[in-house]
Amino acid sequence: MIIAIDGPAASGKGTLGKRIAAHYGLRHLDTGLIYRTVAKVLLDAGHSPGDAAAAVAAAKSLDPSRFDEVALKSHAVGEAASVVSAIPELRAALVAFQRDFAIKPPGAVLDGRDIGTVICPDADVKIFVTAAPDVRARRRAAEYRAQGKQIDEATVLADILKRDERDQNRFAAPLKQAQDAYLLDTTHLDIDAAIWAAIDIVEATRAGRGRD
Ligand code: DC
């Protein structure tokens, strides 16, 4: 089974993806970490995040087992990842890697921006997860605080809105809900309620019935 989870920044899709994968015994790939890794390689080497040739070169030596989530989840890397991910040549260079991951038994949960639309258009289940921007900003600011980073919520909100704008309006594989994806709005749900809602979507899809 392949489950595609897409959604905007800080919508909770990473946590959802991880927990859904554990629930069904599937592998999990947070595809945002791929773009973040490429962005970090570029930043560390002093390249601009818009440098297409350097980005494609970095994509060729990706090793997900070495992803350092804490370093990659920084604010600066997220911003650079949003810029890097708009490079069409980079996106093209990463398609095979993501598809190979998805089809290996017993299947996988992939979360990102274009999983249901581009990477796995035939996924068994597609979920588009979202939440109101101020709620996403509150959750992301709380995550930063838990890591000991002080960053105010208004700044996080401004960045989230900027990132939404960039991710939705880029030419290559923009963020959008696939036609056959279920919309899961977690504005008023805590993480456990969101997970159960997602499981309900998966079960309803597998049983061949629409969701209530
Ligand atoms: O989900 P995230 O915040 O870790 O993603 C970081 C950036 O990477 C995001 O701004 C857009 C980009 N991204 C993408 O373009 N396509 C994906 N499948 C995943 C992430």
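Above this text sits the structure in question.
### Let's talk about the sheet that holds strand S5 (residues 182–185)
Overall, parallel pairing links the five strands, which are arranged S2-S3-S1-S4-S5 in an open sheet. Either end of the sheet is taken by a strand with one partner, and the two such strands are strand S2 (27–30) and S5. Going from strand to strand, the sheet's axes swing by 20° on average, the running direction of each strand aside. Direction of pairing for strand S4 (residues 125–130) relative to S5: parallel, over a ladder of four bridges.

### Structural notes on helix H9 (residues 153–169)
Given a rise of 1.5 Å per residue, 17 residues ought to cover 24 Å, and the 24 Å separating the end C-alpha atoms of H9 matches this to within 8%. All buried positions along H9 are accounted for by Val 156, Asp 159, Ile 160, Arg 163, Asp 164 and Asp 167. The arc that holds every buried residue of H9, seen down its axis, measures 140°, which confines them to one face. Seen from the open side of H9, the exposed residues pointing more than 90 degrees away from its buried face are Ala 154 and Asn 169. Residues of H9 that are buried make contact with helix H2 (31–44), helix H5 (75–84) and helix H8 (133–146).

### Examining the site of the ligand
For the ligand, the set of nearby residues contains 15 residues, the closest of which are Arg 36, Arg 91, Arg 113, Arg 163 and Arg 170. Ser 85 has a polar side-chain atom sitting 3.4 Å from an oxygen atom of the ligand. Breaking the shell around the ligand down by element, the ones donating at least two residues are H2, H5 and H9. Examining the composition of the shell around the ligand, we find that four residues originate from one element, H2, more than from any other. Split into classes, the residues belonging to the shell around the ligand amount to two nonpolar, five polar and eight charged.

Rules behind the numbers
- Residues numbered from 1 in each chain as written.
- Predicted model: local features only at pLDDT ≥ 70, side-chain atom pairs only at ≥ 80, totals over all residues.
- Heavy atoms only, no water.
- Pairing = 2+ DSSP bridges.
- Helix = DSSP H or I, 4+ residues; strand = E, 2+ residues; numbered from the N terminus.
- Axes fitted to C-alpha atoms, helices over the stretch in contact; angles between N-to-C directions.
- Expected span 1.5 Å × (residues − 1).
- Buried < 20%, exposed > 50% of the residue type's maximum accessible area, 1.4 Å probe, protein only.
- Arc of directions from axis to C-beta.
- Contact = heavy atoms within 4.5 Å.
- Near = heavy atom within 4 Å.
- Polar contact = N/O pair within 3.5 Å; in protein donor to acceptor, adjacent residues only side chain to side chain.
- Nonpolar A, V, L, I, M, F, W, Y, C, P; charged D, E, K, R; others polar.

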